[in-house]
Amino acid sequence: MRRDIFQAIADPTRRSIITLIAMQAMTPNAIAENFNTTRQSVSKHLRILVECDLIKQEQQGREIYYSLEIEKMKEIDKWINQFRKIWETKFNQLDELLLTMKKQKK
């Protein structure tokens, strides 16, 4: 079953995992040490993130390392960016309105 990437990032634990591995690949145990939960719970979150292609796993010797899939993160950024443009336009319009109101008071 393919999950939606936005469902994946809706969970605060999964967002924290993404933040943790953004700078460097980590093993499941190293990731789990950052949470007050079971290793199995962290594994479930990792599995969901892998299913959504937000992170990838790489075998290095006996260890598995998880790292961020930058291209998938760009997909999230692209979706958010459309709203960023709308917000910036609204804020610019508000700035113009406030300047106009300020000038009218003088």
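The structure under discussion appears in the preceding block.
No experiment lies behind these values; they were computed from the predicted model shown.

### Description of helix H2 (residues 12–21)
Next up, step 1: Residues of H2 that are buried: Arg14, Ile17, Ile18 and Ile21. On an axial view of H2, the arc spanned by its buried residues comes to 100 degrees, and they lie on one face.
Next up, step 2: Close packing links the buried residues of H2 with helix H1 (5–10), helix H3 (28–32), helix H4 (39–51), strand E1 (55–60), strand E2 (63–68) and helix H5 (70–105).
Next up, step 3: Looking at where H2 begins, the residue whose side-chain oxygen comes 2.8 Å from the main-chain nitrogen of threonine 13 is aspartate 11.

### Details of the packing of aromatic side chains
Next up, step 1: All told, the structure shown has two aromatic pairs when counted by the stated rule.
Next up, step 2: By the ring-pair criterion, three or more aromatic residues cluster together here, those being Phe6, Trp79 and Phe83.

### Describing the packing of H2 against H4
Next up, step 1: Viewed as axis vectors pointing N to C, H2 and H4 meet at an angle of 75 degrees, and their least axial separation amounts to 10 Å. Judged by the inter-axis angle, H2 sits roughly perpendicular to H4. Taken together, the residues of H4 that come into contact with H2 (itself represented by Thr13, Arg14, Ile17 and Ile18) are Val42, His45, Leu46, Ile48 and Leu49.
Next up, step 2: Split into classes, the residues belonging to the contact of H2 with H4 amount to six nonpolar, two polar and one charged.

Thresholds, definitions, all that
- Residues numbered from 1 in each chain as written.
- Predicted model: local features only at pLDDT ≥ 70, side-chain atom pairs only at ≥ 80, totals over all residues.
- Heavy atoms only, no water.
- Buried < 20%, exposed > 50% of the residue type's maximum accessible area, 1.4 Å probe, protein only.
- Helix = DSSP H or I, 4+ residues; strand = E, 2+ residues; numbered from the N terminus.
- Arc of directions from axis to C-beta.
- Contact = heavy atoms within 4.5 Å.
- Polar contact = N/O pair within 3.5 Å; in protein donor to acceptor, adjacent residues only side chain to side chain.
- Phe/Tyr/Trp six-rings, centres within 6.5 Å; stacked < 30°, edge-to-face > 60°.
- Axes fitted to C-alpha atoms, helices over the stretch in contact; angles between N-to-C directions.
- Parallel < 35°, antiparallel > 145°, perpendicular 65-115°, else oblique.
- Nonpolar A, V, L, I, M, F, W, Y, C, P; charged D, E, K, R; others polar.

Keep in mind these numbers describe shape, not what the thing actually does.
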